[in-house]
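# Understanding the architecture of this molecule
Below, each chain spelled out in residue letters.
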Amino acid sequence: MKHLYNILSFMIVATFCGCSTDNTTHKEQSHDDDHQEHSTQDIVLTQKQVSTVSISLGKLDMREMGHSIRANGKLMLKPQDNASVAPIVGGNIKRLMVAEGSAVCAGQVVAYIENSSIIELQQNYLTACKELDFARQEHARQKKLVTQKAGIEKNLQQASCNYEMTMAKQNGLKQQLLQLGISPTKISYGSFVREIPVRTPISGTVYKINCKIGSYVNEQNPLMEIANSKGLYASLNVFEKDLAQVRKGQSVDVQLTYQPEIHMYGTVERINQTVNSNTKSVNVQVSLAPQSINSKTTIQESNILGTINTSSHKVETLPDDAIISNEGKNYVFQLIRKERESGMAVYHFKPIEVIMGCSSGGFTQVTFAENVDANALFVKSGAFYIGSMMADHGEH
């Protein structure tokens, strides 16, 4: 009986141990499954989070990458897009119609000046108009007399000469008035003006004013300077040793030295044939694409860094800010889906490993470790924030 009791006790203990082991194994497996599911979970952000950290989305950029030459330089304006505004005659500033930073159009009045000599000019024009009327009538009278055989041919010739001279004088004064911006028609009715309008020859922005109310200005002393930023081009200094690789039409990326986040692009337009003896460099002019110029941030004479792509091919790229590094690998974030939860937009992102290629102008070539859709959207800015969330997921 005692032997039977020992056998039954052993079977109960064995059964209990077996159940405990099975339960433990099941719990461990369940924990591992939960951990695996959590590690592959999407990174979820709300619309508020996306807006707060300025996360932007976009497709891959196809850009030319390859061998390049870097050169320093400046932003310059073409001569026809840079103008000094000066009056045709001297005078005192009566009114200024613009301030520094004002946008102006070609022909717009920017100031009025006073000059006593313009009163005399208007008087001379009005006198010339009256003299021309008299000379015209006298010429007609002498012509009629000669036609009726009652006049002298010499008197007609003299009247014709006087008429033509008076007309030339009147026309000359008229042109002077038009040049000053004064209406000859109003003067012919006796309506004189005291102020001369000064107009801008080009459209652009007033970047410097050299005068004030009451100051005297003339043809040699400009009132103000006007620049049209649409005429900006990049003037790069390429070292002589690199010149053989530069060709007209090559693409160029341009960065502002003081604001490296601002990028412009263009093509090589002209290559100077003279080497600067001091710097051992050659001036290369780059025509900038108008859509890449921001008139609010790009200023004439600004220092720049240009990257000339001498040999390149188009590759898939993303901004440098779109790529993060984690444990020796590089990742970008793809938008998997966007949905609404509780009336709020929610974004689901997935990290994708990439292999980085060459970089230029703030962009880097990327090759994906897995297949991605051609129309996929990726995080282009704010990736660091999502990367920190990915690190938090890894810790959990």
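For clarity, every value in this text was computed on a predicted model and none was experimentally measured.

All right, on to the overall build of the protein chain then. Counting its regular elements, the protein chain contains 6 helices and 21 strands. Looking at the protein chain as a whole, 36% of its 396 residues are labelled buried. Of all intrachain contacts in the protein chain linking residues separated by at least 6 positions in sequence, the fraction that spans at least 24 positions is 73%.

Across soluble globular proteins, nonpolar side chains have a tendency to be buried as a group. Residues Val 110, Val 198, Val 206, Leu 223 and Met 224 are the most contacted members of the largest nonpolar core, which totals 28 residues. Listed by contribution, the elements that provide at least two residues to this core are strand 4 (82-85), strand 7 (109-114), helix 3 (117-147), helix 4 (153-180), strand 8 (195-199), strand 9 (204-209) and strand 11 (224-227). The element that contributes the greatest number of residues to this core is helix 3, accounting for 5 residues. Grouped together as the second largest cluster of nonpolar side chains are 22 residues, Ile 69, Val 268, Ile 293 and Ile 304 included.

Below, the discussion takes up helix 3. Between the first and last C-alpha of helix 3 there are 44 Å, a value that for 31 residues agrees with the 45 Å anticipated at 1.5 Å per step. For helix 3, the secondary structure elements touched by its buried residues are helix 4, helix 5 (184-188) and strand 8. Directly beyond the C-terminal end of helix 3, a positive phi value near 65° is found at Lys 149.

Tracing the backbone shows Glu 301 in the loop between strand 15 (281-288) and strand 16 (303-319). Looking at Glu 301, the relative accessible area reads 41%, which means it is partly exposed. Linking Glu 301 and Ala 234, residues 67 residues apart in sequence, is a C-alpha distance of 9.6 Å. Sequence-distant contacts of Glu 301, that is, excluding residues within four places in its chain, are made with Lys 74, Leu 75 and Met 76.

Take the sheet that holds strand 8 next. Ordered by their spatial adjacency, 4 strands build an open sheet running 8-7-5-10, and the pairing between neighbours is antiparallel. Strands with a single pairing partner mark the edges of an open sheet, and in this sheet they are strand 8 and strand 10 (216-217). One ladder, built from 2 bridges, connects strand 5 (residues 91-96) with strand 10; its direction is antiparallel. Looking across to strand 10, one finds that Asn 92 is bridged to Tyr 216.

Let us look at helix 4. For helix 4, with 28 residues, the first-to-last C-alpha span of 41 Å sits near the 40 Å given by 1.5 Å per residue. Buried within helix 4 we find Leu 156, Ala 159, Ser 160, Tyr 163, Thr 166, Gln 170, Leu 173, Leu 177 and Leu 180. On its buried face, helix 4 sits against helix 3, helix 5 and strand 8. At the exit of helix 4 stands Gly 181, carrying a positive phi of roughly 85°.

Within strand 15, 6 of the 8 residues are buried, leaving the element largely enclosed by the surrounding structure. In terms of strand pairing, strand 12 (residues 232-239) meets strand 15 through 7 bridges, oriented antiparallel. Bridge pairing links Leu 236 to Val 284 in strand 15. In this sheet, strand 15 lies alongside strand 14 (residues 263-276) in antiparallel orientation, the contact comprising 7 bridges.

The next point concerns the sheet that holds strand 9. Taken together, the 4 strands give an open sheet; going across it, the order is 4-11-9-6, and neighbouring strands pair in antiparallel fashion. A strand with exactly one partner marks an edge of an open sheet, and here the two such strands are strand 4 and strand 6 (103-104). With 4 bridges joining them, strand 4 and strand 11 adopt antiparallel strand pairing. Bridged to Ala 83 within strand 11 is Ile 226.

Residue-level pLDDT values for the protein chain average 83, and 87% of them are 70 or greater. The lowest-confidence element of the protein chain is helix 1 (residues 2-39), averaging 40 in pLDDT; the highest-confidence one is strand 15, averaging 94. Note on residues 1-40: pLDDT under 50 across the span, and 3 contacts to partners over four residues away in sequence or across chains.

With respect to the helices and strands, the residue Thr 307 is situated in strand 16. Under the relative-accessibility criterion, Thr 307 is labelled buried at 3%. Among all residues touching Thr 307, those that are not within four sequence positions of it are Ser 68, Ile 69, Arg 70, Ser 251, Val 252, Asp 253 and Ser 360.

Bringing the packing of aromatic side chains into the picture now. Applying the stated criterion across every chain yields a total of 2 aromatic pairs. Over the aromatic face of Phe 363 sits the side chain of Arg 63, whose NZ or CZ is 4.0 Å from the ring centroid.

A full pass over the atoms with the stated rule returns 12 salt bridges. The partner of Lys 241 in a salt bridge is Asp 242, with the nearest N and O atoms 3.3 Å apart. On the basis of relative accessible area, Lys 241 is assigned to the exposed category, the value being 66%. Here Glu 269 makes a salt bridge to Arg 270, at a shortest N to O gap of 3.6 Å. Given a relative accessible area of 24%, Glu 269 falls into the partly exposed group. Through salt bridges with shared partners, one network takes in Asp 42, Arg 337 and Glu 339.

With that settled, consider the environment of Leu 132. Structurally, Leu 132 is set in helix 3. Along the sequence, Leu 132 and Met 165 sit 33 residues apart, while their C-alpha atoms lie 8.9 Å from each other. Residues contacting Leu 132, with those up to four places away along its chain left out, are Tyr 163, Thr 166, Met 167 and Gln 170.

What counts, and at which threshold
- Here the residue index of a chain counts from 1 through its sequence in written order.
- Residues qualify for local features only when their pLDDT is at least 70, as the model is predicted, and side-chain atom pairs are given and counted only at 80 or more; totals for whole chains, interfaces and linings, by contrast, use all residues.
- Think of the side-chain values as coming from all heavy atoms in the structure, minus any hydrogens and water.
- A run of H or I in DSSP becomes a helix once it reaches four residues, and a run of E becomes a strand once it reaches two; helices and strands are each numbered from the N terminus.
- Summary of the burial criterion: residues with accessible area below 20% of their type's maximum are buried, those above 50% are exposed, and those between are partly exposed, where the area comes from a 1.4 Å probe applied to protein chains only.
- Residue contacts are counted whenever heavy atoms from the two residues lie within 4.5 Å of one another.
- Nonpolar cores were defined as sets of buried Ala, Val, Leu, Ile, Met, Phe, Trp, Tyr and Cys residues, with membership established by side-chain atoms within 4.5 Å.
- One fewer than the residue count of a helix, multiplied by 1.5 Å, yields its expected span.
- Strands were regarded as paired on the criterion that DSSP finds at least two bridges between them.
- Residue-level confidence of the predictor is summarised by pLDDT, bounded by 0 at the bottom and 100 at the top.
- Aromatic pairing here means that ring centres of Phe, Tyr or Trp (its six-membered ring) are within 6.5 Å. Orientation follows from the plane angle: under 30 degrees is stacked, over 60 is edge-to-face, and everything else is tilted.
- Note on geometry: a ring has a charge over it if NZ (lysine) or CZ (arginine) is within 6 Å of the ring centre and within 35 degrees of the ring normal.
- Here a salt bridge means any side-chain nitrogen of Lys or Arg lying within 4 Å of a carboxyl oxygen belonging to Asp or Glu.

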